[in-house]
Amino acid sequence: MKYTQLGRTGLKVSRLVLGTMNFGPQTDEAGSHTIMDAAQGAGVNFFDTANVYGFGADKGRTEEIVGTWFAKGGGRRDKTVLGTKVYANMAPEGGKVWPNHDKLSALNIRRSVDASLKRLGTDYIDLYQFHHVDRDTPWDEIWQAIDILVQQGKILYAGSSNHAGWHIARANETATRRGSLGLVSEQCLYNLAERRAEMEVIPAAQGYGLGVIPWSPLHGGLLGGALRKEREGGAGRSGVGRSADALANSAIRAKIQSYEDLLDKHGLEPGEVALAWLLTRPGVTGPIVGPRTTDQLASALRAVELTLPEDLLASLDEIFPGPGPSPEAFAW
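Scope of this entry: the structure provided in the associated data block. Here the residue numbers are simple positions, counted from 1 along each chain's written sequence. In keeping with the predicted nature of the model, local features appear solely for residues at pLDDT of at least 70, side-chain atom pairs appear and are counted solely at 80 or more, and the whole-chain, interface and lining totals rest on all residues. Only hydrogens and water are set aside; all other atoms, that is, all heavy atoms of the structure, feed into the side-chain values.

A short note on the overall build of the protein
(1) Moving on: Where helices and strands are cited, they refer to DSSP runs of H or I of at least four residues and of E of at least two residues respectively, numbered from the N terminus. Check the secondary structure of the protein and you find 13 helices and 10 strands.
(2) Moving on: This radius of gyration counts C-alpha atoms alone. The globule rule is 2.2 Å times how many residues there are, raised to the power 0.38. Against the 2.2 N^0.38 benchmark of 20 Å for 332 residues, the protein shows a C-alpha radius of gyration of 20 Å, consistent with a compact globule.
(3) Moving on: Seen through its C-alpha atoms, the protein measures out along the principal axes to roughly 55 × 50 × 40 Å.
(4) Moving on: The buried label goes to any residue with under 20% of its type's maximum accessible area, the exposed label to any with over 50%, and the partly exposed label to all in between, with areas taken from a 1.4 Å probe on protein chains only. Here the protein holds 332 residues, and 51% of them are scored as buried.
(5) Moving on: Across the protein, every contact between residues at least 6 apart in sequence was considered, and the portion connecting residues at least 24 apart equals 76%.
(6) Moving on: Charge convention: Lys and Arg are scored as positive, Asp and Glu as negative, and His as well as the terminal groups of each chain are ignored. A single reference atom marks each charge: NZ on Lys, CZ on Arg, CG on Asp, CD on Glu. When the 35 basic and 38 acidic side-chain charges of the protein are each reduced to a single mean position, those positions are 4 Å apart. The contact criterion used is simple: two residues touch if any of their non-hydrogen atoms lie within 4.5 Å.

What follows is the structure, encoded as C-alpha cells:
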C-alpha cells in the first residue's frame, strides 16, 4: 500500500479509502468484518462511513458494524483513520423529521457526533465530514461547534462532502478568521466519466490545502466493464442506477465501448484503470472503494500498483475529455 498526507495536515492515509456504504444493506456483519480485516491487512488505514448508512429503517447500522469490528481488538481502531459524516436526518424512511434533527446546526452536530461515537464504539472520530451543504447555518456557528468538539477530543479534523468550490472558500476563510484549522478534505463525485469537479471544486481544494477524496470512482459501475458484464448476462448492479441510466444514452454507450475496447488492447481491467487514473490526478488523496466482497477489494488493491503509460492516459483524455481550467472553460 502507498500512503500520502491528507491535504495540508500531518495525517498519513492510504491511497485507497475503504467505503463502508454496502455494509449492512449489501454485505452482512460477518462479511463486512472479513472485508475490513482484509483491507487493513493489505495496508488500507483510511475507512469512510456516515451516520445514515444502513438506510431506510436501518440508518446507523453501518456505523454499528464498524463498531463491532473495532470491539474485536487487535489494534483495529488504533490502526484506522476513521471518517464519518453528519447532515441527513436519522428518522426511518418516511418518518417525521423533528426540528433540529438534521443539517449542521450546532445542536445537531453535538447530538450527531455523540450518537456516532456510541454506534462506533470509540471515543474519537479522526475526520468528521459535512455530508452536504447547509445553506441555512452560518459557518461561524458550524466552526464554533467543531472547535468545541476538537477541544473535547471527540474529533480531530473536519472535512466536507458535495461542496462547491465557493463553499470551500467561504468555509476556510471563516475558519481562518476564527483561528480554526478549517476543512482538510473534500469528498466529491469525480471519475473519468464525471470530471466537472476539475473546473472549480478541485482547484479550490488544492488552493486551500484540502485532500480530494473521490466517491463513486467507477460511476456506479459504468467504468467497471459494464458492457462486458451486460454481454455476459451478469450485469449485476451495472444494470441499475447511474450506470443503467447512462448506458441508455447512445453517445455515452459509445464512449464506454471505446473505453473497454482500448483497455482490451492493453490487457487491462476497466475498473482497475478507472481507480489508477484517479491516483494520477492532482490533488487526489485516494478514491473511495465500496467492495461488497473480498474479490472486489482485491481488484481495487491491484489498482494502487498499476502504472498507466502516457499514451494510455492521452487516449483516456480523448474518450473522456475534462472541462478544462476555470474560468477559460466557460468564459471563452
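Next comes the rest of the description.
Some remarks on the side chain of Asn-51
(1) Moving on: Within the element layout of this structure, Asn-51 appears in the loop between β4 (46–48) and α2 (61–70).
(2) Moving on: With a relative accessible area of 1%, Asn-51 lands in the buried category.
(3) Moving on: Apart from the residues within four sequence positions on either side, Asn-51 is in contact with Lys-59, Gly-60, Glu-63, Thr-84, Lys-85, Val-86, Tyr-87, Ala-88, Met-90, Ser-112, Ser-116 and Arg-119.

Quick notes on the nonpolar core
(1) Moving on: Side-chain atoms within 4.5 Å link the members of a nonpolar core, which is a set of buried Ala, Val, Leu, Ile, Met, Phe, Trp, Tyr and Cys residues. Counting 76 residues, the largest nonpolar core has Leu-18, Ile-109, Phe-130, Trp-143, Ile-146 and Tyr-259 as the members making the most contacts within it.
(2) Moving on: The dominant element in this core, judged by the number of residues it contributes, is helix α10 (residues 270–279), at seven residues.
(3) Moving on: Core analysis: the next-biggest nonpolar cluster, separate from the first, contains 11 residues, Val-17, Val-81, Leu-127 and Ile-213 among them.

Observations concerning helix α12 (residues 310–319)
(1) Moving on: Turning to α12, its buried residues number three or more, namely Leu-312, Leu-313, Leu-316 and Ile-319. Relative to the axis of α12, the buried residues are bounded by an arc of 120° and lie together on one face. Exposed residues lying more than 90 degrees from the buried face of α12 are Glu-310 and Glu-318.
(2) Moving on: Those residues of α12 that are buried are in contact with α9 (250–266) and α10. By definition, the arc is the one covered by directions from the helix axis to the C-beta atoms.

A short note on the packing of α9 against α10
(1) Moving on: Two elements in contact, α9 and α10, have axes separated by 10 Å at closest approach and are oriented at 95°. With respect to α10, the element α9 is oriented roughly perpendicular. Taking contact as the criterion, the partners of Tyr-259, Glu-260 and Leu-263 in α9 are, on α10, Pro-270, Val-273 and Ala-274.
(2) Moving on: Of the residues in the contact of α9 with α10, the class split is five nonpolar, no polar and one charged. Axes here mean lines fitted to C-alpha atoms, for a helix over just the part in contact, with angles spanning 0 to 180 degrees between N-to-C directions. Throughout this description, any angle smaller than 35 degrees is read as roughly parallel, any larger than 145 degrees as roughly antiparallel, any in the 65 to 115 degree range as roughly perpendicular, and the remainder as oblique. When residues are sorted by character, Ala, Val, Leu, Ile, Met, Phe, Trp, Tyr, Cys and Pro go into the nonpolar class, Asp, Glu, Lys and Arg into the charged class, and all the rest, Gly among them, into the polar class.

Details of the sheet that holds strand β9 (residues 211–215)
(1) Moving on: Should DSSP find at least two bridges between two strands, the strands are taken to pair. One open sheet accounts for eight strands, arranged β9-β8-β7-β6-β5-β4-β3-β10; its pairing is parallel. Only two strands of the sheet have a single partner each, and these edge strands are β9 and β10 (288–289).

Observations concerning the environment of Ala-145
(1) Moving on: Here Ala-145 is to be found in helix α4 (residues 139–152).
(2) Moving on: On the accessibility criterion, Ala-145 (8% relative accessible area) is buried.
(3) Moving on: In the structure, Ala-145 is positioned 31 residues away from Asp-114 in sequence and 13 Å away in space, judged by C-alpha atoms.
(4) Moving on: Those residues in contact with Ala-145 that sit more than four places away from it in its chain are Ala-106 and Ile-109.

Considering the packing of aromatic side chains
(1) Moving on: Only the six-membered ring of Trp is used, alongside the rings of Phe and Tyr, when aromatic pairs are assigned; centres must lie within 6.5 Å, and planes under 30 degrees apart are stacked while those over 60 apart are edge-to-face, with the rest tilted. As enumerated under the stated definition, the model contains eight aromatic pairs in all.
(2) Moving on: Taking 5.6 Å as the distance between ring centres and 40° as the angle between the ring planes, the aromatic pair formed by Tyr-53 and Phe-55 counts as tilted.
(3) Moving on: Judged by relative accessible area, Phe-55 falls into the partly exposed class, the value being 35%.
(4) Moving on: Aromatic pair Trp-69 and Phe-70: ring centres 5.6 Å apart, planes at 45°, arrangement tilted. Residues Trp-69 and Phe-70 agree in their burial class; the two are buried.
(5) Moving on: Taken together through their ring pairs, the aromatic side chains of Phe-47, Trp-69 and Phe-70 make up a single cluster.
(6) Moving on: Here, a charge over a ring means that NZ of Lys or CZ of Arg falls within 6 Å of the ring centre while also lying within 35 degrees of the ring normal. The ring of Phe-70 has Arg-77 sitting right over it, with the charged end atom 5.3 Å from the ring centre.

Some remarks on the packing of helix α1 (residues 29–41) against α2
(1) Moving on: Two elements in contact, α1 and α2, have axes whose closest approach is 10 Å; the angle formed by their N-to-C orientations is 60°. Taken as axis vectors, α1 and α2 run oblique relative to one another. The element α1 and its partner α2 pack so that their crossing is right-handed. Contacts between α1 and α2 involve Glu-29, Ser-32, His-33, Met-36, Asp-37 and Gln-40 from the first element and Arg-61, Ile-65, Val-66, Thr-68 and Trp-69 from the second.
(2) Moving on: Broken down by class, the residue content of the contact of α1 with α2 amounts to four nonpolar, four polar and three charged. Helix crossings fall into two classes, left-handed where the near helix is turned counterclockwise from the far one by less than a right angle and right-handed where it is turned clockwise.

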